[in-house]
Amino acid sequence: MATTTPRTFPCPGRGGRALALAAAMLAVVLSACSGQTTTAAPTASAVSPLTASPGVRTPQPLDDGDWPTYHRDSARTGAAPSSPALGTLRDAWSAQLDGAVYAEPLVVHGRVIAATEANTVYALDASDGHVVWKRNVGPPMPLSALPCGNIDALGITGTPVYDPATGLVFAVAELSGGSHVLVGLDAADGSLVVQREVEPPRGDRLAYQQRAALALLDNRVYIAYGGLYGDCSDYTGTVLSVPTTGDGTIDSYVVPTAREGGIWAPGGPAVDGSRLLVGVGNGESTTSYDGSDSVLSLDASLKRTDFFAPSGWAQENASDTDLGSMTPVRVGSYVFMDGKGGTGYLLAADHLGGIGGEAAKAQVCRAFGAPAVTGMTVYVPCIGALRQVNVTSPAGIQLGWRFPLGAAGSPVTGGGAVWVVDYETGNLFALDPGDGHVRQQTQLGPVPHFVTPTISGSHVFVGTLKGVTAFAWG
């Protein structure tokens, strides 16, 4: 593991004032005003010095067409209700950036916010794709320096989140040397306002990957961690929370398993009222329940308040067929969840059920990513298809149409269509929500796994392995 030299820096001032940085050096604050040391990130001569943007932040309310977080809202429904009816789809623009865009693009006040694996955050004009501002936050981690994985280089993977209360875009970057850093950038000009190291409290930091989308709740940013592709080395599924000011205490929840139990699904934590819903992957135990292969309810302070695990959790842990591959979503008075094993579960929202306590279950598909929700209908991303699922009350799961795909990315809805990318072929589809027939189709080229579109007005934006591509209709 690369090491760095401890240094001390003054504590941030009131209102979340960021630290001024020395040239070509990213200083990462480990705790605020506590007398603890901080650690300077490795120097990168190719990276321009970051400068702080002090002062009290001005609230920036959302516009109708904004898409400020993964799947637009904190519940992860993936719905864009204000988009006009779909017309003929046409090419709008394509922006080649400095790295692959695994994170879902956001839309804030007419700008597309895109984060790359080169650790650069861009604001692109939504109408023509030109760069309004960009900010590199440090050199990414090369795959050759990691114990396993499949993203090279590894920079910003989890989808950022925009906070209208502060006007900041928050993202987590993995830097060369293996440190994970939360940054808050001013959405207006890209200036650095918040920066803080956010390492899980257990294990080897090189084994952690921050793929899950960030979430906001009660003026805190929530950050979930899983492992690298290959599940190597020592990591344990973790959720951290940091005040949006960047200072104050870091709260954490660590899955009580010896190893693994990753919280890695791209949709990240789903906010359900005053709590978070998270899906947890397989842990190491096959004898006594270890908190893995579960749906968890965590309160704002990250205390576990409820959980569900399949009755066959031990077998699923042994065969890597757990629930951790999808984000749970609220559907009416239920929570819907599916995973690698292919069984869909309905859980009572007010009591998730513990071990084997589901309200209903049915074989749906092997699911990866995050579903979209419209009313009592769920569109589930499957290996091999997009699947419509209708939830009934009393608890029931009715299978609807199935649209064959190589590998379905996470779907969204808008303009009277269900949008999904086949990340095996690079095709974008707009499907009829009633019967699943193709209304529009176009080619994107190579895209990341679990890719998901962003809808704003009469535009759709998709992150690719080269940047962002936009289409329009009407």
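You'll find the structure just up there.
Residues numbered from 1 in each chain as written. Predicted model: local features only at pLDDT ≥ 70, side-chain atom pairs only at ≥ 80, totals over all residues. Heavy atoms only, no water.

1. Re unusual backbone geometry
We count it as follows: Secondary structure elements are defined from DSSP: runs of H or I of at least 4 residues count as helices, runs of E of at least 2 residues count as strands, and each element is numbered from the N terminus.
Note that the residue after D152, namely A153, is joined by a cis bond; omega there is -5°. On the secondary structure map, A153 appears in the loop between β9 (131-136) and β10 (161-163). S393 connects to P394 through a cis peptide bond whose omega is 5°. Tracing the sequence through the fold places P394 in the loop between β30 (385-392) and β31 (396-404). Although it is not a glycine, E260 sits at a positive phi angle of roughly 70°. Within the element layout of this structure, E260 appears in the loop between β18 (251-254) and β19 (270-272).

2. Looking at the state of the cysteines
Note the following rule: When the sulfur atoms of two cysteines come within 2.5 Å, that pair is taken as a disulfide. Only protein chains enter the area calculation, which uses a 1.4 Å probe; residues under 20% of their type maximum are buried, those over 50% are exposed, and those in between are partly exposed.
Under the definition given, this model contains 2 disulfides. At a sulfur-sulfur separation of 2.0 Å, the disulfide partner of C148 is C232. Classification of the bridge connecting C148 and C232 rests on its S-S torsion, roughly -85°, and on that basis the disulfide is left-handed. Remark: C232 occurs in the loop between β16 (220-227) and β17 (238-243) and C148 occurs in the loop between β9 and β10; sequence separation between them is 84 residues. Between C365 and C382 runs a disulfide, and the two sulfur atoms are separated by 2.0 Å. What sets the handedness of the C365 and C382 disulfide is the S-S torsion sign, and at about -70° it is left-handed. With C365 in the loop between β27 (360-363) and β28 (372-374) and C382 in strand β29 (residues 377-382), this residue pair connects regions lying 17 residues apart in the sequence. Exposure class is identical for C365 and C382. Each is buried.

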